[in-house]
Amino acid sequence: MVGKRQATAILGMAFAVAGGAAWFMQLHIPAVILWGVAGIIMLRINRRVGKRR
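Residues numbered from 1 in each chain as written. Predicted model: local features only at pLDDT ≥ 70, side-chain atom pairs only at ≥ 80, totals over all residues. Heavy atoms only, no water.

Q: Would you mind going over a nonpolar patch on the surface with me for this structure?
A: Among the surface-exposed residues, Val-2, Ile-10 and Met-13 lie close enough to one another that they form a single nonpolar patch of about 290 Å² accessible area. Turning to its location among the elements, Val-2 is positioned in the segment before helix 1 (4–24). (Patch = residues over 30% accessible without salt bridge, like charges linked within 9 Å, V, L, I, M, F, W, Y side chains within 5 Å. Areas by Shrake-Rupley, 256 points an atom, 1.4 Å probe, with all protein chains shown as cover. Salt bridge = Lys/Arg side-chain N within 4 Å of Asp/Glu carboxyl O. Helix = DSSP H or I, 4+ residues; strand = E, 2+ residues; numbered from the N terminus.)

Q: How do you make sense of unusual backbone geometry when you look at a structure like this?
A: Among all residues save glycine, negative phi is the norm, and among peptide bonds the norm is trans. Even without glycine at this site, Gln-26 takes up a positive phi of about 65 degrees. Locating Gln-26 in the fold gives a position in the loop between helix 1 and helix 2 (28–52). Among the residues examined, Gln-26 registers a relative accessible area of 57% and is labelled exposed. (Buried < 20%, exposed > 50% of the residue type's maximum accessible area, 1.4 Å probe, protein only.)

Q: Please explain helix 1 as it appears in this structure.
A: Each α-helix turn comprises 3.6 residues. Residues three or four places apart therefore point the same way. With 21 residues, helix 1 extends 30 Å from end C-alpha to end C-alpha; this agrees with the ideal 30 Å at 1.5 Å per step. Residues of helix 1 that are buried include every one of Thr-8, Gly-12, Gly-19 and Ala-22, and no others. Relative to the axis of helix 1, the buried residues are bounded by an arc of 85 degrees and lie together on one face. Of the residues in helix 1, the exposed ones pointing more than 90 degrees away from the buried face are Met-13, Val-17 and Phe-24. (Expected span 1.5 Å × (residues − 1). Arc of directions from axis to C-beta.)

These figures come from the coordinates and say nothing about function on their own.
Laid out in structure tokens, this is it:
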């Protein structure tokens, strides 16, 4: 079974890959938006991990 944190991480990776694909297709603005969402997800996951320690 996939936990909530792991599912969020997978979603973040999907946004990062989609941003790379958009950049490759010369869609710069959507790529930056997708990478921004992936970055926010990464920061959110890191903040949760820090609280556990």
